[in-house]
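Structural overview
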There are 4 protein chains.
Amino acid sequence: MAIGEVLRDHGDDLRTEQLAAVIEAAIDCAAHCAACADACLEEGDTALTRCIRADLDCADICAATAKVVARAGASGAPWLELVRVCAQACANCAEECEQHAEHHDHCRACAEACRRCEAACRELLDAVG
Amino acid sequence: MAIGEVLRDHGDDLRTEQLAAVIEAAIDCAAHCAACADACLEEGDTALTRCIRADLDCADICAATAKVVARAGASGAPWLELVRVCAQACANCAEECEQHAEHHDHCRACAEACRRCEAACRELLDAVG
Amino acid sequence: MAIGEVLRDHGDDLRTEQLAAVIEAAIDCAAHCAACADACLEEGDTALTRCIRADLDCADICAATAKVVARAGASGAPWLELVRVCAQACANCAEECEQHAEHHDHCRACAEACRRCEAACRELLDAVG
Amino acid sequence: MAIGEVLRDHGDDLRTEQLAAVIEAAIDCAAHCAACADACLEEGDTALTRCIRADLDCADICAATAKVVARAGASGAPWLELVRVCAQACANCAEECEQHAEHHDHCRACAEACRRCEAACRELLDAVG
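Predicted model, so just to flag it, every value in this text is computed and none were measured. (Residues numbered from 1 in each chain as written. Chains lettered and ligands numbered in written order. Predicted model: local features only at pLDDT ≥ 70, side-chain atom pairs only at ≥ 80, totals over all residues. Heavy atoms only, no water.)

**Digging into the overall build of chain A**
Check the secondary structure of chain A and you find four helices and zero strands. For chain A, the C-alpha radius of gyration of 15 Å lies close to 14 Å, the compact-globule estimate for 129 residues. The principal-axis extents of the C-alpha atoms in chain A amount to approximately 50 × 25 × 20 Å. In chain A, which comprises 129 residues, the proportion classed as buried is 66%. (Helix = DSSP H or I, 4+ residues; strand = E, 2+ residues; numbered from the N terminus. Rg over C-alpha atoms; globule rule 2.2 N^0.38 Å. Buried < 20%, exposed > 50% of the residue type's maximum accessible area, 1.4 Å probe, protein only.)

Structure representation (structure tokens):
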């Protein structure tokens, strides 16, 4: 995957690199969250209900963020505010999944994907904000 | 459409009503934006490029917001912050579309859908925030 | 909601009407399915696991269908095949939800939204196919 | 990215591997298509209108496919039919982008992502169908 090649020129290489990092991390996180929600459902344990919801919220927010970041605010839409919401949603989902990481590999792997996306969002915010 | 019937109990009727209003307005807005983007593309006028991007950003954010609001923060995710971003994205898209509303019916109708969604989001934020 | 106003001209009024009907029914169905999945989760009953998955599959397929139908095949993409898949996903979700409709209002209302979307898809397929 | 770790057990390692390959390729393709659509818009060339629509259709279909494949038909939804539609949408977008690949790097990279996703879908269909 080298999404940076596809992004139109965003003024400097550094910024393009950070946009690409958010897009890649967000779609990866969305996929992990969708799969983790399904694996949690399979466990049949109501203690995981909040985790399933965190997965679904995070997946929806990450998927939207990846697409909006590809347009990088050229529309005037509040894209950096969305990136901030995405970082928070990822942190929230990671915290949920981390509580079950010892017992469920899917939660452990999902938490890691969430933390990677949170970090990518924060690096973009630091650079652009 | 009576999405309020499907929402689980959120504590009081008023709140459920406002949640349902955001979900309905957001999905309606997402559909209008997707269709307006396509109609703008058909015009073949580069003056509409920013409008197309505003449509696409708004459609993605509204679609995510509708789904996240259906879970209403039960996951701990920053759902009200997302509703705030959604209101801003709708206002931005409405402003773009309003500039072309005189010449393009699709922009006029899309701007109206965006303003309805912006209003529904702000009413929820006023009630819950 | 009058999405037909926003759709670019698709050759005749009838067809535009049927496209608009699918878009409206599909986004309505996606919202019902997202809300029903959340309400089913709240029940804490593992007998609803298959229903939750049907809701989530149907929501994802309907949301994509609404957006693709707004472009109505102008790209060469297999849009009518997607409409056919959407009709099947809606029928499947309706069958699941109907089994729980007596006990859960959210499943009853969701099944109705699924049947409306299935019907709209089949009318478009009959007219265009 | 190692989405295979997060997928619940799907009966045998081979199948899990192929499911994971589709999910990864589909989300990668969706991101490339979203970015390519935006880069094409930036070109301001109406000869790219069909390509932009192919990108948007492919992005929406791939994103839905990734999420539905994570549930792998456990709901009864027509998931393999969706994978087939996804392969066709990817082939269509690749054909469009390949026509512009000589002049636009974003189209070249996007066409490659589409071909990878098409291949992953076909391998899953061959194995499971």
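**Points about the relation of the copies chain D and chain C**
Between chain D and chain C, the superposition needs a rotation of 180° and an axial shift of 0.0 Å, giving an RMSD of 0.0 Å. Such a combination of turn and shift is consistent with a two-fold rotation axis. Closest to the rotation axis within chain D is the C-alpha of Ala-64 of chain D, separated from it by 3.2 Å. (Least-squares fit on C-alpha atoms with pLDDT ≥ 70 in both.)

**Here we look at the interface of chain D and chain C**
Contacts between the two partners involve 23 residues from chain D, matched on the other side by 23 residues from chain C. For the chain D and chain C pair, buried surface summed over both sides reaches about 2,300 Å², with 58% attributable to carbon and sulfur atoms. Summed over the three residues of chain D that lose the most area to chain C, namely Asp-57, Arg-71 and Ser-75 of chain D, the buried surface amounts to 25% of that side. For the interface between chain D and chain C, the tally reads six salt bridges. The residue Arg-71 of chain D makes a salt bridge to Asp-60 of chain C at a minimum N-O spacing of 2.7 Å. For the pair chain D and chain C, the interface holds twelve residue pairs in polar contact (both at pLDDT 80 or more). (Contact = heavy atoms within 4.5 Å. Buried area = accessible area lost by both parts, 1.4 Å probe. Salt bridge = Lys/Arg side-chain N within 4 Å of Asp/Glu carboxyl O. Polar contact = N/O pair within 3.5 Å; in protein donor to acceptor, adjacent residues only side chain to side chain.)

**Points about the packing of helix α2 (residues 49–71) of chain C against helix α3 (residues 79–100) of chain C**
Residue and element names in this part refer to chain C. Two elements in contact, α2 and α3, have axes separated by 9 Å at closest approach and are oriented at 150°. Here α2 is positioned roughly antiparallel relative to α3, judged by the angle of their axes. The way α2 lies across α3 gives a crossing that is left-handed. Of the residues in α3, those in contact with Arg-50, Cys-51, Ala-54, Asp-55, Cys-58, Ile-61, Cys-62, Ala-64, Thr-65, Val-68 and Val-69 of α2 are Trp-79, Leu-82, Val-83, Val-85, Cys-86, Ala-89, Cys-90, Asn-92, Cys-93, Glu-96, Cys-97 and His-100. Taken together, the residues of the contact of α2 with α3 break down into 17 nonpolar, three polar and three charged. (Axes fitted to C-alpha atoms, helices over the stretch in contact; angles between N-to-C directions. Parallel < 35°, antiparallel > 145°, perpendicular 65-115°, else oblique. Left-handed = near helix turned anticlockwise from the far one by under 90°. Nonpolar A, V, L, I, M, F, W, Y, C, P; charged D, E, K, R; others polar.)

**So, the interface of chain D and chain A**
Residue-level contacts link 25 residues of chain D with 26 residues of chain A. Across the chain D to chain A interface the summed buried area is about 2,400 Å²; carbon plus sulfur atoms make up 65%. Counting across the interface, chain D meets chain A through two salt bridges. Note that Lys-67 of chain A and Asp-60 of chain D form a salt bridge whose closest N and O atoms lie 3.1 Å from each other. Linking chain D to chain A there are two residue pairs in polar contact (both at pLDDT 80 or more). When residues of the side of chain D that touches chain A are traced back to their parent elements, those giving at least two are α1 (13–43), α2 (49–71) and α4 (105–128) of chain D. If one sorts the elements of the side of chain D that touches chain A by residue count, α1 of chain D sits on top with eleven residues. Residues that form the side of chain D that touches chain A fall into these classes: 14 nonpolar, two polar and nine charged.

**Quick notes on unusual backbone geometry**
All names here are of chain A. One non-glycine residue, Ala-72, lies in positive phi territory at about 50°. By secondary structure assignment, the location of Ala-72 is in the loop between α2 (49–71) and α3 (79–98). Residue Ala-72 is classed as buried on the basis of its relative accessible area of 10%.

**Comments concerning the relation of the copies chain D and chain A**
Take chain D, turn it by 180°, move it 0.1 Å along the axis, and it overlays chain A with an RMSD of 0.0 Å. In this assembly, 100% of the residues forming the interface of chain D have copies in chain A that are likewise at the interface, indicating an isologous arrangement.

**As for the confidence of the model for chain A**
Residue and element names in this part refer to chain A. Per-chain confidence: chain A averages 92 in pLDDT, with 94% of residues scoring 70 or above. For chain A, the element scoring lowest by mean pLDDT is helix α1 (residues 13–43), at 90; α3 scores highest, at 98. We note a pTM of 0.94 for the whole complex and an ipTM of 0.94 for its interfaces. (pLDDT = per-residue confidence, 0-100.)

**Structural notes on the side chain of Glu-96 of chain B**
Mapped onto the secondary structure, Glu-96 of chain B falls in helix α3 (residues 79–98). If near-sequence neighbours (up to four positions away) are discounted, Glu-96 of chain B is found in contact with Arg-50, Cys-51 and Ala-54 of chain B.

**Thoughts on the environment of Ala-87 of chain D**
Residues and elements named next belong to chain D. Here Ala-87 lies in helix α3 (residues 79–99). With a relative accessible area of 0%, Ala-87 lands in the buried category. With 40 residues separating them along the chain, Ala-87 and Ala-127 place their C-alpha atoms 15 Å apart. When neighbours within four sequence positions are excluded, Ala-87 is seen to be in contact with Glu-118, Cys-121 and Arg-122.

**Remarks on the environment of Cys-36 of chain D**
Looking at the secondary structure, you find Cys-36 of chain D in helix α1. Owing to a relative accessible area of 0%, Cys-36 of chain D belongs among the buried residues under this scheme. Here the alpha-carbon distance between Cys-36 of chain D and Glu-118 of chain D, two residues 82 residues apart in the chain, equals 17 Å. Residue contacts for Cys-36 of chain D: discarding those within four places in its chain leaves Val-6 of chain A together with Asp-55, Cys-97, His-106, Cys-107 and Cys-110 of chain D.

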